[in-house]
Amino acid sequence: MVRSNTDSNSLSLSLPVRQDRASVHAANQADVPPHPLGDKARVLLTSVFGPYAQDDEYGSRSINPMELYHNQVTRTQGPFSLRMFHRSWGIMLLQANISAPCTLLDFPRLERFIEEISQHTYDIIGITAIMPNVGKVEHMCRLIREVQPQATIVIGGHIANMPGLDKRIEADHIVRGEGIRWLRRFLGEREDQPIRHPRILSGIGARTMGMTLSEKPGDVAATLIPSVGCPVGCNFCSTSAMFGGKGKFLNFYETGDELFEVMLDLERTLKVNSFFIMDENFLLHRKRALRVLELMKEHNKSWSLYVFSSANVLKSYSIEQLIGLGISWVWMGLEGKSSKYAKLSGTNTLDLVKTLQSHGVRVLGSSIIGMEEHTPENLDEAIDFSVSHDTEFHQFMLYTPIPGTMLWEEMKKQGSLTDPGCKDAADTHGQLRFNYTHPNLKDGIETEFLLKAFDRDFEVNGPSIIRVTRTTLAGWKRYRKHPDARVRKRFAQEAAELPTAHAGSLWAARKWFADRPAIHKRIDGVLQDLYRECGLKARLLAPLIGRFLFRKLQSEDARLKRGWTYEPPTFYETTHQPALHPASAPDTAPAWSPLPSPTAT
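Residues numbered from 1 in each chain as written. Predicted model: local features only at pLDDT ≥ 70, side-chain atom pairs only at ≥ 80, totals over all residues. Heavy atoms only, no water.

### Points about the nonpolar core
Counting residues in each nonpolar core, the largest one holds 90 residues, and the members touching the most others are Phe275, Leu283, Leu305, Leu325, Ile327 and Met332. Of the residues forming this core, the biggest block, seven residues, is contributed by helix H8 (residues 256-270). Filtering out sequence-adjacent residues up to four positions away, Phe275 remains in contact with Ala222, Met263, Leu266, Glu267, Trp303, Ser304, Leu305 and Tyr306. Counting residues in each nonpolar core, the second largest holds 64 residues, with Ala22, Phe49, Ile368 and Phe454 among its members. (Core = buried A, V, L, I, M, F, W, Y, C linked by side-chain atoms within 4.5 Å. Buried < 20%, exposed > 50% of the residue type's maximum accessible area, 1.4 Å probe, protein only. Helix = DSSP H or I, 4+ residues; strand = E, 2+ residues; numbered from the N terminus. Contact = heavy atoms within 4.5 Å.)

### Quick word on the pattern of salt bridges
It is possible for side chains bearing opposite charge to pair when their charged atoms get close. For the structure shown, the criterion picks out 36 salt bridges. Salt-bridge contacts for Arg467 lead to Asp457; the nearest nitrogen and oxygen are separated by 3.1 Å. Here the residue Arg467 occupies a position in helix H16 (residues 464-479), and Asp457 occupies one in helix H15 (residues 445-461), the gap between them amounting to ten residues. Of the two residues, Arg467 and Asp457, both sit in the buried class. A salt bridge links Glu556 to Arg559; the nearest nitrogen and oxygen atoms lie 3.6 Å apart. (Salt bridge = Lys/Arg side-chain N within 4 Å of Asp/Glu carboxyl O.)

### Focus on helix H19 (residues 517-561)
Residues that lie three or four places apart on an α-helix share one face, since the helix turns once every 3.6 residues. Between its first and last C-alpha atoms H19 spans 24 Å; for 45 residues at 1.5 Å apiece the expected length is 66 Å, and the helix comes up short by more than 12%. Of all the bends in H19, the greatest measures close to 130° and is centred on Gly535. Where H19 ends, the next residue or the one after it, Gly563, has phi of about 100°, a positive value. (Expected span 1.5 Å × (residues − 1). Bend = angle between axes of the 7 residues up to and from the residue.)

### Some words on the packing of aromatic side chains
In this description, a pair of aromatic rings is defined by centroid distance and the angle of the planes. Counted according to the given criterion, the structure contains 21 aromatic pairs. An aromatic cluster is defined as three or more aromatic residues linked by ring pairs; in this entry it consists of Trp89, Phe276, Tyr306, Phe308, Trp329 and Trp331. Across from the ring centre of Tyr572, 4.7 Å away, lies the NZ or CZ of Arg112, which sits over that ring. (Phe/Tyr/Trp six-rings, centres within 6.5 Å; stacked < 30°, edge-to-face > 60°. Lys NZ or Arg CZ within 6 Å of the ring centre and 35° of its normal.)

### Notes on the packing of helix H13 (residues 379-387) against H15
The axes of two packed helices give the description: the angle between them and the distance between them. Viewed as axis vectors pointing N to C, H13 and H15 meet at an angle of 40°, and their least axial separation amounts to 10 Å. One finds that H13 runs oblique with respect to H15. At the point where H13 passes H15, the crossing takes the right-handed sense. In this structure, H13 contributes Leu379, Asp380, Ile383, Asp384 and Val387 to the contact, and H15 contributes Phe449, Lys452, Ala453, Arg456, Asp457, Val460 and Asn461. (Axes fitted to C-alpha atoms, helices over the stretch in contact; angles between N-to-C directions. Parallel < 35°, antiparallel > 145°, perpendicular 65-115°, else oblique. Left-handed = near helix turned anticlockwise from the far one by under 90°.)

### Section: the sheet that holds strand E17 (residues 393-398)
Strands belonging to one sheet form pairs held by backbone hydrogen bonds; the direction of such a pair is parallel or antiparallel. In space, the six strands of this open sheet follow the order E10-E13-E14-E15-E16-E17, with parallel pairing throughout. Of all strands in the sheet, those bounded by a partner on one side alone are strand E10 (221-224) and E17. Direction aside, neighbouring strands of the sheet carry axes that sit 20° apart on average. Two elements, strand E14 (residues 304-308) and strand E15 (residues 327-335), share four bridges in a ladder whose sense is parallel. Of the residues in E15, the one forming a bridge with Val307 is Val330. Relative to the sheet, helix H17 (residues 485-495) contacts E14, E15 and strand E16 (362-369), its axis offset from that of E15 by approximately 75°. (Pairing = 2+ DSSP bridges.)

### Comments concerning the environment of Asp257
Along the polypeptide, Asp257 turns up in helix H8. The exposure class assigned to Asp257 is partly exposed, which follows from its relative accessible area of 36%. Here the alpha-carbon distance between Asp257 and Glu294, two residues 37 residues apart in the chain, equals 9.7 Å. Beyond its immediate sequence surroundings of up to four residues, Asp257 is in contact with Arg291 and Leu295. In this structure the side chain of Asp257 is engaged in a polar contact, spanning 3.0 Å, whose partner is the side chain of Arg291. (Polar contact = N/O pair within 3.5 Å; in protein donor to acceptor, adjacent residues only side chain to side chain.)

Put into structure tokens, the structure is as follows:
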């Protein structure tokens, strides 16, 4: 369940009748009678319980932790891996857009969830989840039925597209798609109210090289959500499927002026100068994006924007427009050599990536292992092609049909699915094995090739954090004397720590890879370039900071080898009910990250 609007002022005079199975709704359906208490109903919104990075009876898997970057981008980079968590943005949007008294419980341990439903009475309890966590949703629903049988249970998120979910869990409503409209309607509130954007900081507890990244104001990105869905609609995309399928999307903010006002509010309240824009293809909405550029110029904003974009859409903008708009980081689907997808048609992705990097734009490339044409004989070549892009980060995922997608329906008709009933959903997450019979890749060989892809990228291109430094330095060299003071300021902000933290990390990484000549040489080349540009300050501080970071690397490496795992803190936040609960605050104080956050798995 994510976001939306709503309408309905009539209230039922009786409590909802308990049903044997959940009713399943598209988010825009208007056939559900409102809750009898209307906007006086007490609401609990929660994510599934932790811990997450372990193998357990509820579906958690150590191979599939709650850390998206480490899980599917920097998976084999050891102590250099980027570790961070991301809030459950969907239920944050819901809480911000209803007037009913609402508690949000994010990343609770099981004991904490039981404590909450035991000590406080709720009329509506909403749970958001992805499909691998269906076992946790089942258990949470059973607990609610035991402790608060009068509560109406609503399930949303990607899990809502799972076939047979209404027969598997003890819930009242399953809502598919964005959920603000549905929830407002269910509470008897107007669905046509403007969307109120929650104030979200991007990552939680970001770490790399054994260090927690800075949380100072200005070092932290805000998450900005202009829309949901995707006009492109690749056949494997669960996000596109979740919000209506190919070509379907919902803009929360239609115009650049509306979006700019939200950005001003986030800048003022969160003290940020960068935005991770959680939109599947932000630049595709060209009129809106260029209006934001006009307003940034008019108001002299030197913001950095982290965006998702298809290659062909990126090419439709001039580099001057991208730099003026503050495009600093791009998550771009490369999919694979000879990709059939229209978003890559006619685009030389190698040239595009190199052009972006030469202008200081960091790139996260995304490639798929197990496309229809892949065989044991050609997969090494496909992996080498992906690795040759030398993007700052590279995601590798197995080609996986997810319920609701066109790919799922295609394979269902072919009879290729090995688990059409999603009984093994906990192990269907794109990082372990296929959930269908591949025509060429048999006997679990896909797992070997997936790990090979991560290893090859690391062995050839070195740690991602070092690649980030390389491209940040390239942008600084190109734009530090740019005639537009607004552009100069943005690159100065991004390059501020080149002579300090970046220099030290390069020094430590070079020492770490002393016995691996190829990576050592790459890192040394970046360090020498940084010395030339940043001068004596960098030469003096690099070994001082570097020795400290090297010891941190050693400690981190040792703890990871002992089996250490990371878990997110629990967040407990309330609105419109000061008499019921203590002040809103995280149960555990997080360390916020200045780096962008990726899409949910």
